[in-house]
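# Reading the structure
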Amino acid sequence: MFTKGTKRKFSDPGEEPASSGDPGPAAPSAAARTLSSSYSLQRQSLLDMSLIKLQLCHMLVEPNLCRSVLIANTVRQIQEEMTQDGTWHIMTQALAAAQCPADRLVATEVLCRQTDAAAQAGQSPKPFSVVGLQEGYHSEEVVMEGDVETEVTMSSLSPLSPQLSSASYLTGPFEVGPCWEEEDEEEDHSESSEPSLMSEHSRHPALEELFSDVDPSYYDLDTVLTGTPKMGPYDLLESLSSHGPTALSSSSSCRSDLNELDHIMEIIVGS
Amino acid sequence: MAGPGGGSSDVQWYFSQVKGAMDDDVAEADIISTVEFNHSGELLATGDKGGRVVIFQQEPESKNQAQCRGEYNVYSTFQSHEPEFDYLKSLEIEEKINKIRWLPQKNAAQFLLSTNDKTIKLWKISERDKRAEGYNLKEEDGRYRDPNSVTTLRVPVLRPMDLMVEASPRRVFANAHTYHINSISVNSDHETYLSADDLRINLWHLEITDRSFNIVDIKPANMEELTEVITAAEFHPNQCNTFVYSSSKGTIRLCDMRASALCDRHTKLFEEPEDPNNRSFFSEIISSISDVKFSHSGRYMMTRDYLSVKVWDLNMETRPVETYQVHEYLRSKLCSLYENDCIFDKFECCWNGNDSVVMTGSYNNFFRMFDRGYRQDMTFEASRENSKPQSVLKPRKVSTGGKRKKDEISVDSLDFNKKILHTAWHPLDNIIAVATINNLYIFENKMN
């Protein structure tokens, strides 16, 4: 019996079919919820592929919004399913355990969700935030699943490590960043119908200065909403060394003499 | 004049012409991005990625061969849009022509709307085949004569000259879209038109360029909640208050502008429930509608999603009345198609003049026709090999089973770089225009 508009509701895991892919993974039986390894491999590679595609949005001249939305929906779909399986948690833990200090600084971001938690109260839990992979920086970011309120991302291994791959980009739906949020900026600045955004701007005028020479693609809607800007690859260094704690979350003062990675570790451990 | 379409066995399709460069090396600017016949079918316009519009005109039927339709030859070529740079966002605005729509002809000149991602332009295409000579105040070269030297007056005479077709931009409708324009549609009142981008639809008056009315806005207050975009929109062919827009989630909404100024609440919602047997991670992507077209009668509309064409009765919202599988053999290849981005290709579709046949494109330069009455479907290929004048188009077939018959092509041999996204059908005759990447093929049919 069809219900109208039933699309991809994975509330009933038993009915879930195998994702249709080339090698044709063995479809998990409806009764048993044991995932065949080929299916989960398939799903994982689909997730990796999707995240890479989303990151490539940074590079395109003007990213296709429809494509980005469809890919993001796919990522969310996979994430939901993996969360239900419990494999999501396992994967992120494995990623966290496998990390080691990076040779060079990679894009690191610290996002504070405390201020935003209330705003997201009505939404389904989004434990992860997407962090951008900056092509050319040869980096990846691993997201730790911490408290719901505090999410921290940190640098990790080189991108060539196949296990980690890009499975580390996770989503909250639209923090995939400037793909479409950037397009929003122009009208957000001009529309008075969105006062919340305007007020965020005015509350942190210093941030504008801070990042005046940052590539605008890093300064997206998410930044405005959380009051904390996403930073480019080398901006964290600058901000840690020269600026106050405005750029960082719940952690107290910056310790510029600390190795950046150690500093981030402290944040994670501390939370 | 429109015959029974391509369906009955009496009718065959013939190659007529091919336009465009012959070499395999395709210049990016030459990629055809839109094809559209005008309302009489005499003119055929194409837009390309380089921002140019080329208009072909059909020659009058030759008197010698009554059955032979006139050829299409270049009538006018002009640069419609130029690349722009958005300094605020440090992004380029492509000059690619996304859509061309003709206005109904009101006088000797022709008018069309062409749009790129951000700006719509109204172009006037007019002919000049006479020139006035013998002005009193001007010399022949245009210099003004000294009025004192004029001793007699004469009446200027019109003399014939070589036909010159001029295209001039009459209106520029700019700065109304934050997102990329995907559709424009002229209203049946011939005074207004709509333009749709990913999140909004605007209503314009053809005479007024400095403002437009927003009639649909699906942008969420929080962009993080965005899960659906507008993919296409069209006005009803004879009800000037009605339009439809399709979404990336496979829904079509019909709106009545009389209901309210902002048509955020649809009058009708057309959506087919998903088939649970076919559900996969790609279900949503392949359900995204790439094109929506009303039938000429206005009773039906057709939608194109990745794998199928659906015909909907406007009176029934729950499911389409007809579904045609374009290339069902691709369903098992969705993962690869996702990887190479082909799954995001936006195929268009079109009706023939009397709404009995629908047509759409596919890969490997194949295009498909579905005869609604005879319940037949045909697959043809637009290729240089079949390009001998008046050569019959041989039906093509993709082998899906294990055994590949002779003349069939296997799914793995399909060339996914050769895609036919844009097709157009002459409104009154059985002439079709099919665009491969950089060539325009014109086919016509005859009764045996």
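Residues numbered from 1 in each chain as written. Chains lettered and ligands numbered in written order. Predicted model: local features only at pLDDT ≥ 70, side-chain atom pairs only at ≥ 80, totals over all residues. Heavy atoms only, no water.

## Here we look at the overall build of chain B
What counts, and what does not: Counting from the N terminus, the helices are the DSSP runs of H or I reaching at least four residues and the strands are the DSSP runs of E reaching at least two. Values of the radius of gyration come from C-alpha atoms, whereas the globule rule sets the reference at 2.2 Å times the count of residues to the power 0.38. Accessibility here uses a 1.4 Å probe with only protein chains present; expressed as a share of the type maximum, an area under 20% marks a residue as buried, one over 50% as exposed, and anything in between as partly exposed. When checking whether two residues touch, look at their non-hydrogen atoms; a contact exists if any pair is within 4.5 Å.
Scanning chain B from N- to C-terminus turns up two helices and 32 strands. The C-alpha atoms of chain B give 24 Å as radius of gyration, which agrees with the globular expectation for 448 residues (22 Å, within 12%). Taken over 448 residues, chain B has a buried fraction of 56%. Looking at chain B alone, contacts between residues at least 24 apart form 55% of all its contacts between residues at least 6 apart.

## Considerations on the sheet that holds strand 16 (residues 230–235) of chain B
Residue and element names in this part refer to chain B. Heads up, the condition is: In this analysis, strands are considered paired if DSSP registers two or more bridges between them. Each axis is a line fitted through C-alpha atoms, taken for helices only over the stretch in contact, and angles between the N-to-C directions span 0 to 180 degrees.
Read from one edge of the open sheet, four strands run 16-17-18-19, paired in antiparallel fashion. Lying at the two open borders of the sheet, with one neighbouring strand each, are strand 16 and strand 19 (268–270). Taken pair by pair, the neighbouring strands of this sheet meet at an average axis angle of 20°, ignoring direction. Across three bridges, strand 18 (residues 252–256) lies against strand 19 in antiparallel orientation. The partner of arginine 253 across the bridge, within strand 19, is leucine 269.

## Thoughts on the sheet that holds strand 14 (residues 200–205) of chain B
Residues and elements named next belong to chain B. Taken in spatial order, the four strands make up an open sheet running 12-13-14-15, and their pairing is antiparallel. Looking at the sheet topology across the chains shown, the edges are occupied by strand 12 (181–186) and strand 15 (208–217). Sheet twist, expressed as the mean angle between neighbouring strand axes with direction ignored, is 25°. Two elements, strand 13 (residues 192–197) and strand 14, share five bridges in a ladder whose sense is antiparallel.

## Quick look at the pairing of strand 14 of chain B
Residues and elements named next belong to chain B. Counting buried positions over the six residues of strand 14 gives five, a clear majority of the element. Joining the antiparallel neighbours strand 13 and strand 14 is a turn of two residues. Bridge analysis of strand 14 against strand 15 gives five bridges, and the strand direction is antiparallel. The residue of strand 15 that forms the bridge with asparagine 202 is asparagine 214. Counted along the chain from strand 14 to the antiparallel partner strand 15, the turn is two residues long.

## Remarks on the pairing of strand 10 (residues 120–133) of chain B
All names here are of chain B. In terms of strand pairing, strand 9 (residues 110–115) meets strand 10 through six bridges, oriented antiparallel. Paired with serine 114 across the two strands is lysine 121, which belongs to strand 10. Linking strand 9 to strand 10, which pair antiparallel, is a turn of four residues. Alignment of strand 10 against strand 11 (residues 157–173), held across 13 bridges, turns out to be antiparallel. Each residue of the ladder has a partner; that of glutamate 127, found in strand 11, is valine 165.

## Describing the nonpolar core
Inclusion rule: Nine residue types can take part in a nonpolar core, namely buried Ala, Val, Leu, Ile, Met, Phe, Trp, Tyr and Cys, and a core is a set of them joined through side-chain atoms within 4.5 Å.
Grouped together as the largest cluster of nonpolar side chains are 47 residues, with contacts concentrated most on Tyr306(B), Leu330(B), Leu337(B), Tyr338(B), Ile343(B) and Leu414(B). For this core, the elements supplying multiple residues, two or more each, are helix 1 (37–55), helix 2 (65–85) and helix 3 (87–98) of chain A together with helix 1 (283–287) and helix 2 (334–339) of chain B. When residues in this core are grouped by element, the largest group, nine residues, is from helix 2 of chain A. Counting 17 residues, the second-largest nonpolar core is a separate cluster that includes Met369(B), Met378(B), Ile432(B) and Tyr441(B).

## Comments concerning helix 2 of chain A
Residue and element names in this part refer to chain A. The condition is simple: To estimate how far a helix should extend, the number of its residues minus one is multiplied by 1.5 Å. Whenever a nitrogen or oxygen atom comes within 3.5 Å of another N or O atom, the pair is scored as a polar contact, on the condition that within protein one atom can donate a hydrogen and the other can accept it, and that pairs from neighbouring residues in sequence are kept only if both atoms are in side chains.
In this model, helix 2 (21 residues) spans 30 Å end to end at C-alpha, consistent with the 30 Å of a helix rising 1.5 Å per residue. Within helix 2, 17 of the 21 residues are buried, which leaves the element mostly enclosed by the surrounding structure. If you check the start of helix 2, you find a side-chain oxygen 3.0 Å away from the backbone N of cysteine 66, and it comes from asparagine 64.

## Some details on the environment of Asp341(B)
With respect to the helices and strands, the residue Asp341(B) is situated in the loop between helix 2 and strand 24 (349–351). The residues touching Asp341(B), leaving out its near neighbours within four places in the chain, are Lys53(A) and Arg67(A). Polar side-chain contacts of Asp341(B) include one of 2.9 Å to the side chain of Arg67(A).

## Section: the packing of helix 2 of chain A against helix 3 of chain A
All names here are of chain A. Condition: Each angle receives one of four descriptions, namely roughly parallel if under 35 degrees, roughly antiparallel if over 145, roughly perpendicular if within 65 to 115, and oblique otherwise. In this count, Pro and Cys sit with the nonpolar residues alongside Ala, Val, Leu, Ile, Met, Phe, Trp and Tyr, while Asp, Glu, Lys and Arg are called charged and the others, Gly among them, polar.
Relative orientation of the contacting elements helix 2 and helix 3 amounts to 95°, with a least axis distance of 5 Å. As summarised for this structure, helix 2 and helix 3 are arranged roughly perpendicular, according to the angle between their axes. Seen from helix 2, the contacting residues are Gln79, Met82, Thr83 and Asp85; seen from helix 3, they are Thr87, Trp88 and Met91. When grouped by side-chain class, the residues that make up the contact of helix 2 with helix 3 number three nonpolar, three polar and one charged.

## Focus: the side chain of Asn38(B)
Residue and element names in this part refer to chain B. By the secondary structure assignment, asparagine 38 is in the loop between strand 2 (32–37) and strand 3 (43–48). In this structure the side chain of asparagine 38 is engaged in a polar contact, spanning 2.9 Å, whose partner is the backbone nitrogen of glycine 41. A polar side-chain atom of asparagine 38 sits 3.1 Å from the main-chain amide nitrogen of glutamate 42. Contact partners of asparagine 38, with chain neighbours within four places excluded, come to Leu43, Trp102, Gln110 and Pro427.

## Overview of the packing of aromatic side chains
This is how it is decided: Classification of ring pairs rests on two measures: the distance between centres of Phe, Tyr or Trp rings, Trp counted by its six-membered ring, which must be within 6.5 Å, and the angle between planes, read as stacked under 30 degrees, edge-to-face over 60 and tilted in between. Placement of a charge over a ring requires the Lys NZ or Arg CZ to be within 6 Å of the ring centre, with the centre-to-atom vector within 35 degrees of the ring normal.
Overall, the coordinates contain 21 aromatic pairs over all chains when judged by the stated rule. The interplanar angle of 65° and the centroid separation of 5.1 Å between the aromatic rings of Phe85(B) and Tyr87(B) together place this pair among those described as edge-to-face. What links up through ring pairs into an aromatic cluster is the set Phe15(B), Phe367(B), Phe380(B), Tyr441(B) and Phe443(B). Geometry around Tyr338(B) places Lys53(A) over its ring, the cationic atom sitting 5.3 Å from the centre.

## Looking at the confidence of the model for chain B
All names here are of chain B. In plain terms, the rule: The predictor attaches a confidence to each residue, and that confidence, scored 0 to 100, is pLDDT.
Per-residue pLDDT for chain B has a mean of 92; in total, 96% of the residues score no lower than 70. Contacts for the low-pLDDT stretch residues 1–7, under 50 throughout, to residues beyond four places or in other chains number 28 contacts. Predicted complex metrics record ipTM = 0.91 and pTM = 0.72.

## Examining the pattern of salt bridges
Put simply, the test is: Just to be clear on terms, a salt bridge is a Lys or Arg side-chain nitrogen sitting within 4 Å of an Asp or Glu carboxyl oxygen.
If you walk through the whole model with that rule in mind, you get 33 salt bridges over all chains. Residue Glu36(B) pairs with Arg101(B) through a salt bridge whose shortest N-O separation is 3.0 Å. Separated by 65 residues along the polypeptide, Glu36(B) in strand 2 and Arg101(B) in strand 8 (residues 99–102) bring together distant segments of the chain. By relative accessible area, Arg101(B) is classed as buried at 12%. Salt bridges sharing common partners tie together Arg43(A), Glu81(A) and Asp85(A).

## Some remarks on the packing of helix 1 of chain A against helix 2 of chain A
Residues and elements named next belong to chain A. What counts here: Each crossing is labelled by how the near helix is turned from the far one, with a counterclockwise turn of less than a right angle marking it left-handed and a clockwise turn marking it right-handed.
Viewed as axis vectors pointing N to C, helix 1 and helix 2 meet at an angle of 145°, and their least axial separation amounts to 9 Å. Of the two elements, helix 1 crosses helix 2, and the hand of that crossing is left-handed. When helix 1 is examined against helix 2, the residues Tyr39, Arg43, Gln44, Leu46, Leu47, Ser50, Leu51, Lys53 and Leu54 are found in contact with a partner set consisting of Arg67, Ser68, Ile71, Ala72, Thr74, Val75, Ile78, Glu81, Met82 and Asp85. Residues belonging to the contact of helix 1 with helix 2 are distributed by class as follows: ten nonpolar, four polar and five charged.

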